[in-house]
Amino acid sequence: MAIIKPLNPSHQLQLLRALSVRKEFSLDEKQYFYLLLKGYEGEKRWREYLNGFPSEIPILFDLTLKSNHTIFQVDALMVHQHHITLFEIKNFSGNFTIKDGHWYHSNKEIKNPLIQIERNQTLIRQFVDQHHLQLTFDYLLVFVNPEFMLYDSKPRKNLILPPQIPNLIRNLSQMRHTPTTHHTKIIQTLLTHQTESPLFVIPKYTYQELAKGLFCNKCRNKMERKANRVICPTCKSQCSLENALLDLIHDFSILFPALKVTNQVIFNWCNGIISKSTIRRVLLNNYSLKGSGRGIYYERK
Ligand SMILES: [Zn+2]
């Protein structure tokens, strides 16, 4: 496949991930964070499915578009000859039921995801018309988690269950595709009309209250320094000092975009676990040096 716009964790997810290991979340914050994380993992799973696609088929992940003053998001989009296929990816797991148009999970009613698709369909139709893109489209709601089960009384054309994915992939990859200027126009229009995601609510935090140190990427517990590696005593995963530092600096910049990255700041941020000379070396190798004398700081290259 030709990935025109790659899949990356959203800014919001990166921020919450950096914060979650350093601050105790309320129950609501925890649930919201795990929902975002699960959604992103579902999108990654979908990207794996699309890996075997013919390389000439353009695929765009995570589009945020605006139509008639309404912002909407598309998880993934595939451009065919005169047609686009849009995907809404759900990573739900467990038993779900549709009864009289209402969706239930463990007997509790949930938001009907087909309504979101219908709303987005109207918006994408307006977007296509507004930008004079002559094409048709379909919009599929794909459940990617193999542990998802849906009890429904009738088949639904735009709803794809886990066992139907291999057949869908086969059909989509057989669609004819010859790149034309029309495709370039479609892709350019989509890319140049990306808009900012709606403002999201983030928990309040201060530098002082956040836990300092190195945290495990897998189990999120505190990591320990062992010679030139960093090891998680809980799940035993490990990484090099350099990678651990780069993650740590990345988290710092996401959480405190207005603060300058300096050797001393990062030394404090890792709780003194890594020496200043190692921090300086990693910063010099990966960041650009700015300022002079006592005012030296580093910026992302
Ligand atoms: Zn761990």
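Residues numbered from 1 in each chain as written. Predicted model: local features only at pLDDT ≥ 70, side-chain atom pairs only at ≥ 80, totals over all residues. Heavy atoms only, no water.

- The protein carries the name NERD domain-containing protein in an unreviewed UniProt entry, which gives Cytobacillus kochii as its organism.

**Some remarks on the overall build of the protein**
Phase 1 of the analysis: A tally of helices and strands in the protein yields eight helices and 15 strands.
Phase 2 of the analysis: Taking all 301 residues of the protein together, 42% fall into the buried category.
Phase 3 of the analysis: Restricting to contacts in the protein with at least 6 residues of sequence separation, those with at least 24 account for 59%.
Phase 4 of the analysis: Accessible surface, the protein as shown: approximately 16800 Å² in total, 51% of it carbon and sulfur. (Helix = DSSP H or I, 4+ residues; strand = E, 2+ residues; numbered from the N terminus. Buried < 20%, exposed > 50% of the residue type's maximum accessible area, 1.4 Å probe, protein only. Contact = heavy atoms within 4.5 Å. Areas by Shrake-Rupley, 256 points an atom, 1.4 Å probe, with all protein chains shown as cover.)

**A few points about the domain arrangement of the protein**
Phase 1 of the analysis: Assigned domains of the protein: these are domain 1 (2-192) and domain 2 (224-300).
Phase 2 of the analysis: Domain 1 and domain 2 are separated by 36 Å when their C-alpha centres are compared.
Phase 3 of the analysis: Taken residue by residue, the interface counts six residues in domain 1 and six residues in domain 2.
Phase 4 of the analysis: For the pairing of domain 1 and domain 2, the buried interface totals around 530 Å² over both sides, and the portion due to carbon and sulfur atoms is 67%.
Phase 5 of the analysis: Ranking the residues of domain 1 by area buried against domain 2 places Gln14, Ala18 and Arg22 at the top, with a combined share of 69%.
Phase 6 of the analysis: Measuring nitrogen to oxygen at the nearest pair gives 3.0 Å for the salt bridge that ties Asp251 to Arg22.
Phase 7 of the analysis: Run the count over domain 1 and domain 2 and you get two residue pairs in polar contact (both at pLDDT 80 or more). (Domains from an automatic or database assignment. Buried area = accessible area lost by both parts, 1.4 Å probe. Salt bridge = Lys/Arg side-chain N within 4 Å of Asp/Glu carboxyl O. Polar contact = N/O pair within 3.5 Å; in protein donor to acceptor, adjacent residues only side chain to side chain.)

**Focus: the sheet that holds strand E6 (residues 102-105)**
Phase 1 of the analysis: If you walk across this open sheet you meet the four strands as E7-E6-E5-E9, and the pairing is mixed. Edge positions in the open sheet fall to strand E7 (108-110) and strand E9 (148-151), since each of these has one partner strand only. Direction aside, the axes of adjacent strands within the sheet are offset by 35 degrees on average.
Phase 2 of the analysis: Sheet topology places E6 next to E7; three bridges connect them, and they run antiparallel. Opposite Trp103, over in E7, you have Ile110 as the bridge partner. (Pairing = 2+ DSSP bridges. Axes fitted to C-alpha atoms, helices over the stretch in contact; angles between N-to-C directions.)

**Re the nonpolar core**
Phase 1 of the analysis: Trp46, Leu50, Met78, Phe87, Val142, Leu255 and Ile266 are the most contacted members of the largest nonpolar core, which has 54 residues in total.
Phase 2 of the analysis: If one sorts the elements of this core by residue count, helix H6 (residues 241-255) sits on top with eight residues. (Core = buried A, V, L, I, M, F, W, Y, C linked by side-chain atoms within 4.5 Å.)

**Topic: the packing of helix H1 (residues 11-20) against helix H2 (residues 27-50)**
Phase 1 of the analysis: Running from amino to carboxyl end, H1 crosses H2 at an angle of 125 degrees, the nearest separation of the two axes being 10 Å. Relative to H2, the element H1 lies oblique. Crossing angle aside, the handedness with which H1 passes H2 is left-handed. In this structure, H1 contributes Gln12, Leu13, Leu16, Arg17 and Ser20 to the contact, and H2 contributes Tyr32, Phe33, Leu36, Leu37 and Tyr40.
Phase 2 of the analysis: Classifying every residue of the contact of H1 with H2 by side-chain character gives seven nonpolar, two polar and one charged. (Parallel < 35°, antiparallel > 145°, perpendicular 65-115°, else oblique. Left-handed = near helix turned anticlockwise from the far one by under 90°. Nonpolar A, V, L, I, M, F, W, Y, C, P; charged D, E, K, R; others polar.)

**Some remarks on the sheet that holds strand E13 (residues 238-240)**
Phase 1 of the analysis: Strand order across the open sheet formed by three strands is E11-E12-E13, with antiparallel pairing between neighbours. In the strand order of this sheet, the two ends are held by strand E11 (224-226) and E13, each with one partner. Neighbour-to-neighbour, the strand axes of this sheet turn through a mean angle of 30 degrees, independent of strand direction.
Phase 2 of the analysis: Relative to strand E12 (residues 229-231), E11 runs antiparallel, the two sharing three bridges. Within E12, the position partnered with Glu224 by the bridge is Ile231.
Phase 3 of the analysis: Packing of H6 onto the sheet brings it into contact with E11, E12 and E13, and relative to E13 it is tilted by some 90 degrees.

**Points about helix H4 (residues 165-173)**
Phase 1 of the analysis: Along H4, the positions that sit buried rather than exposed are Ile165, Leu168, Ile169 and Leu172. Around the axis of H4, the buried residues are gathered within 100 degrees of arc, so they sit on the same side.
Phase 2 of the analysis: Where H4 is buried, its residues touch H2, strand E3 (70-79), strand E4 (83-90), strand E8 (136-143) and strand E10 (159-160). (Arc of directions from axis to C-beta.)

**Brief notes about a nonpolar patch on the surface**
Phase 1 of the analysis: On the surface, a nonpolar cluster with roughly 240 Å² of combined accessible area is contributed by Leu284, Leu289 and Ile296.
Phase 2 of the analysis: The residue Leu289 is located in strand E14 (residues 287-290) in this model.
Phase 3 of the analysis: On the basis of relative accessible area, Leu289 is assigned to the partly exposed category, the value being 46%. (Patch = residues over 30% accessible without salt bridge, like charges linked within 9 Å, V, L, I, M, F, W, Y side chains within 5 Å.)

**Here's the deal with the coordination of the zinc ion**
Geometry reference: four tetrahedral donors at a metal, ideal angle 109.5 degrees. Six octahedral donors, ideal angles 90 or 180 degrees.
Phase 1 of the analysis: In this structure, Cys216 (SG), Cys219 (SG), Cys232 (SG) and Cys235 (SG) serve as the protein donors to the zinc ion, at separations of 2.3 Å.
Phase 2 of the analysis: Given four donor atoms and angles of 99 to 118 degrees at the metal, the environment of the zinc ion is assigned as tetrahedral.
Phase 3 of the analysis: In the primary sequence, the donor residues of the zinc ion line up as C-x2-C-x12-C-x2-C. In this pair, Cys219 sits in the loop between helix H5 (181-192) and E11 while Cys235 sits in the loop between E12 and E13, placing the two residues 16 residues apart along the sequence.
Phase 4 of the analysis: Classification of Cys235 by relative accessible area gives partly exposed; the value is 32%. (Donors = N, O, S within 2.8 Å, 3.2 Å for Na, K, Ca; no water. Tetrahedral: all angles 85-135°; square planar, octahedral: opposite > 155°, others 65-115°.)

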